[in-house]
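An overview of the molecular structure
Here are the chains, one letter per residue:
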Amino acid sequence: MAKEEDATQAMDAVLKALGWRGRYQLTQISQLFLCILPAAFNILSIVFIGKANEYKCKEADNATSYMIPSDVINVTYGACSVTWMNVTGEQMEMTCPNDLEYAEPVDRSLMSEWGLVCEKEALTDVSQTLLLAGMMVGAVLFTSLADRYGRKPFHILCCLGMLAIGVASAFVPTYAAFLPLRFFLGAFQQGMSLTAGILSMESLPTRHRFVQSIIAAFIWSSSMVILALLAFLMRQHSWRHLQLIIAGFSVYSFVLIFFLEESVRWLVANGRVEHAERILKKAAAQNKVSQVDVLNVFRTKVLRQHTSDEGHDLKNGASEVPGEHPNSLLGSHSASGDKEDLPKYGITDFFRHKHVFICTVINGFAWAVNAVTYYGLSMTSVTLADNMYLGFFLSTVVELPSVVAFILIERFGRKRICDIFHIVAGLSLLASVTLSSLAGDNQASNIAGLILNLVGKFAISGSFAVLFLYTPEQFPTNLRNASLGVASMTGRVGAMIAPYSRTLSRHFPWAPGTIFGVLCLLMPVCMRLLPETCGRELPQTITDMELYISTPYHVPRHSRKNQKSEVI
């Protein structure tokens with residue numbers, strides 16, 4: 001067991017020697033954080049590019065144009081039909097014969113431009129369903145490929161793919177052509193987001209992994225606020241212009257080709273030692289630390305450990321005793337043998353190992369609950385206020401304080417903070433439903449219900465942000481991206497259900513909030529079977545993962561003094 005623990009802590013020692021707040025880490029993580037803006041925009045852009053444009057049957061210039069009988073005394077122009085009443089009180093109804101008239105120009109929304117109204121009204125939600133279906137496919141496809149062939153190439157591929165699809169969506173002539181683009185946009189969006197999360201996590205030592213999640217969660221919430229502002233500023237323009245602006249945020253992708261580096265953890269896990277050493281040399285130079293010292297730690301802590309475990313030298317070489325010949329640390333090395341890479345896990349490994357299977361199922365359920373609740377509340381947020389932009393803004397701005405979760409997770413642990421946020425979300429949403437049902441015309445009760453709804457959105461946002469960090473921390477290196485992909489895939493199932501909460505609320509206003517609240521309260525019970533990962537090195541193999549679960553562990557209570565004195 002000690003040998004396994006030494007192996008899992010080895011890479012942490014290298015990252016600490018390198019310095020976790022150096023120029024290299026800041027440059028790399030900043031590039032990854034930029035992808036959050038287009039990723040967030042594209043998920044909920046349909047709220048604005050497909051917004052409701054009030055409509056009704058176009059009024060006739062004279063009665064004969066509708067062939068209205070002469071004894072009609074009242075004509076009502078409805079949304080999808082014309083109703084008239086004659087002198088005897090008899091009513092007749094017919095579909096709009098002279099097309100529709102809209103409150104705003106038809107190009108303000110794809111719904112009005114392509115006539116997705118009346119019996120075609122549900123087609124607007126189909127585009128969002130296809131986007132989420134694409135995200136589900138992309139979560140599994142691109143993360144699995146990234147685990148096998150590298151994080152960087154598939155991250156860049158997804159970034160460029162999202163840029164191309166986003167631009168094409170702004171010029172597509174028909175809704176039939178728009179729909180498949182939404183599917184591919186979702187696939188690229190999810191592949192980009194998940195590979196970025198893994199790359200940033202693997203570039204930091206154990207103690208500081210939560211830092212990237214704090215920043216990512218804050219940028220995500222800020223992106224939603226920016227989207228509301230962009231949509232408000234573009235409200236007098238075509239939806240195509242807004243879509244083109246959203247796509248433009250992905251132009252930075254070309255920079256990644258030249259400046260983004262591969263994950264050193266992934267390179268080591270897959271035997272590409274020379275490539276890992278080149279990156280460490282570059283990082284040491286940018287961080288102004290000794291390349292010799294960093295490589296010495298790398299070979300002593302990482303390569304030596306693997307060499308002793310395997311019983312022979314490493315692929316691509318390392319000197320037997322790195323410290324004996326300092327000059328050789330910057331040069332090439334001879335290899336007397338090949339190293340066996342870490343096991344190449346696949347999708348079947350999620351079912352073959354008991355602990356992996358249990359963690360996968362529970363994490364998948366957690367993601368589904370968080371997704372259906374988060375997106376359900378987001379999609380209905382435009383009804384929180386009379387102004388749709390204000391309603392969306394209120395629902396997103398309350399996400400910003402949810403980053404407080406990351407201030408607490410290093411002290412109390414990932415699992416406990418997730419439990420607290422789920423409980424707060426569940427109780428708040430159930431209380432909001434109760435107040436709204438009993439309020440009637442009571443303004444104070446309605447305001448209290450609104451506040452509780454926003455508290456629920458704040459809490460579910462916090463738990464969702466922690467899950468992005470907590471889920472991949474439980475799985476070994478060559479399953480880490482795939483585990484996040486599988487969890488995200490189940491989350492997309494929940495997200496695909498979320499838009500229909502609007503239809504359900506029209507018939508049973510109490511139902512969506514009740515369902516969301518009950519699901520949130522179930523989560524702490526299920527998560528009791530998951531391991532705590534706070535303060536523990538990322539597992540390299542399934543054996544390491546099993547040690548996580550089988551070994552009793554309590555979150556270390558680090559004081560501020562100890563944190564400040566840590567080697568950085």
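Structure: above.
An account of the accompanying structure is given in this report.

What counts and how
Residues numbered from 1 in each chain as written. Predicted model: local features only at pLDDT ≥ 70, side-chain atom pairs only at ≥ 80, totals over all residues. Heavy atoms only, no water. Helix = DSSP H or I, 4+ residues; strand = E, 2+ residues; numbered from the N terminus. Buried < 20%, exposed > 50% of the residue type's maximum accessible area, 1.4 Å probe, protein only. Contact = heavy atoms within 4.5 Å. Areas by Shrake-Rupley, 256 points an atom, 1.4 Å probe, with all protein chains shown as cover. Axes fitted to C-alpha atoms, helices over the stretch in contact; angles between N-to-C directions. Parallel < 35°, antiparallel > 145°, perpendicular 65-115°, else oblique. Nonpolar A, V, L, I, M, F, W, Y, C, P; charged D, E, K, R; others polar. Expected span 1.5 Å × (residues − 1). Patch = residues over 30% accessible without salt bridge, like charges linked within 9 Å, V, L, I, M, F, W, Y side chains within 5 Å. Salt bridge = Lys/Arg side-chain N within 4 Å of Asp/Glu carboxyl O. Bend = angle between axes of the 7 residues up to and from the residue. Phe/Tyr/Trp six-rings, centres within 6.5 Å; stacked < 30°, edge-to-face > 60°. Lys NZ or Arg CZ within 6 Å of the ring centre and 35° of its normal. 1 Å grid on protein atoms, 1.4 Å probe; cavity = no way out; pocket = protein on both sides within 12 Å on 5 of 7 lines; lining within 4 Å. Points joined across faces, edges and corners; volume = space filled by probe spheres on them.

**Concerning the overall build of the chain**
From N to C terminus, the chain includes 25 helices and 5 strands. Within the span of the chain, comprising 568 residues, buried residues form 53% of the whole. The contacts of the chain with a sequence gap of at least 6 include a subset with a gap of at least 24, amounting to 78%. A total of about 24,300 Å² of accessible surface is found on the chain, and carbon and sulfur atoms cover 63% of it.

**Things to note about the environment of Ala448**
Relative to the assigned elements, Ala448 resides in helix α20 (residues 443-473). Note: C-alpha distance between Ala448 and Leu435 (13 residues apart in sequence) is 7.5 Å.

**Quick look at the packing of helix α7 (residues 151-171) against helix α10 (residues 239-248)**
One can describe the packing of α7 onto α10 by two numbers: an axis separation of 8 Å at closest approach and a directional angle of 170°. Overall, the two elements α7 and α10 adopt an arrangement that is roughly antiparallel. Of the residues in α10, those in contact with Leu163, Gly166, Val167, Ser169, Ala170 and Phe171 of α7 are Trp239, Arg240, Gln243, Leu244 and Ala247. Taken together, the residues of the contact of α7 with α10 sort by class into 7 nonpolar, 3 polar and 1 charged.

**Points about helix α16 (residues 354-379)**
Between the first and last C-alpha of α16 there are 37 Å, a value that for 26 residues agrees with the 38 Å anticipated at 1.5 Å per step. Counting buried residues in α16 gives 19 out of 26 residues, a clear majority hidden from the surface.

**Examining a nonpolar patch on the surface**
Together, Val251, Phe254, Val255, Ile257, Phe258 and Phe259 make up a nonpolar patch on the protein surface, roughly 610 Å² of accessible area in all. Here Val251 lies in the loop between α10 and α11 (253-259).

**Describing the pattern of salt bridges**
Opposite charge on two side chains lets them pair, provided their charged atoms get close. Throughout the structure, instances matching the rule amount to 11 salt bridges. In this structure, Asp12 engages Arg265 in a salt bridge whose closest nitrogen and oxygen atoms are separated by 3.5 Å. With Asp12 in helix α1 (residues 2-18) and Arg265 in helix α12 (residues 264-269), this pair connects stretches of sequence that are 253 residues apart. The buried category is assigned to Asp12, whose relative accessible area is 9%. For Arg265, a relative accessible area of 1% gives the class buried. Its salt-bridge partner being Lys51, residue Glu104 comes within 4.0 Å of it at the nearest N-O pair. Of this pair, Glu104 sits in the loop between β5 (100-102) and α5 (110-113) while Lys51 is found in the loop between α4 (46-49) and β1 (55-57), placing the two residues 53 residues apart along the sequence. For Lys51, a relative accessible area of 7% gives the class buried.

**Considerations on helix α6 (residues 123-149)**
Helix length check: α6 (27 residues) gives 38 Å between terminal C-alpha atoms against 39 Å at 1.5 Å per residue, within 8%. In the structure, α6 departs most strongly from a straight axis at Gly138, where the bend amounts to approximately 30°. With its phi angle positive at about 120°, Gly150 sits one or two positions after the end of α6.

**Let's talk about the packing of aromatic side chains**
Within the structure shown, the criterion is met by 18 aromatic pairs. Between the aromatic rings of Tyr55 and Tyr102, the centroid separation amounts to 5.9 Å while the plane-to-plane angle is 50°, which identifies the pairing as tilted. Placement of the pair is Tyr55 in strand β1 and Tyr102 in strand β5, with a sequence separation of 47 residues. Residue class for Tyr55 comes out buried when judged on its relative accessible area of 19%. Three or more aromatic residues joined by ring pairs form one cluster here, namely Trp367, Tyr374, Tyr375, Phe464 and Phe468. In this arrangement the basic side chain of Arg235 is found over the ring face of Phe232, its NZ or CZ atom lying 3.9 Å from the centre.

**Things to note about empty space enclosed by the protein**
Here the structure, examined in full by the defined rule, presents 5 cavities of 30 Å³ or more. Lining the largest cavity we find 34 residues, and of these Ile36, Ala216, Ala217, Trp220 and Phe468 sit closest to its centre. At the level of secondary structure, the elements contributing two or more residues to the lining of the largest cavity comprise α2 (23-33), α3 (36-44), α8 (175-202), α9 (209-233), α16, α20 and α21 (477-497). Across the lining of the largest cavity, the residue classes break down as 22 nonpolar, 10 polar and 2 charged. By volume, the second largest cavity is sized at about 180 Å³. Together, 18 residues line the second largest cavity, and Tyr24, Ser203, Glu262, Ser263 and Val264 are the ones closest to its centre. Elements that contribute at least two residues to the lining of the second largest cavity include exactly α1, α2, α8 and α13 (273-287). Element by element, the count of residues in the lining of the second largest cavity is highest for α2, at 5 residues.

Remember, this is a structural readout, not a statement about activity or role.
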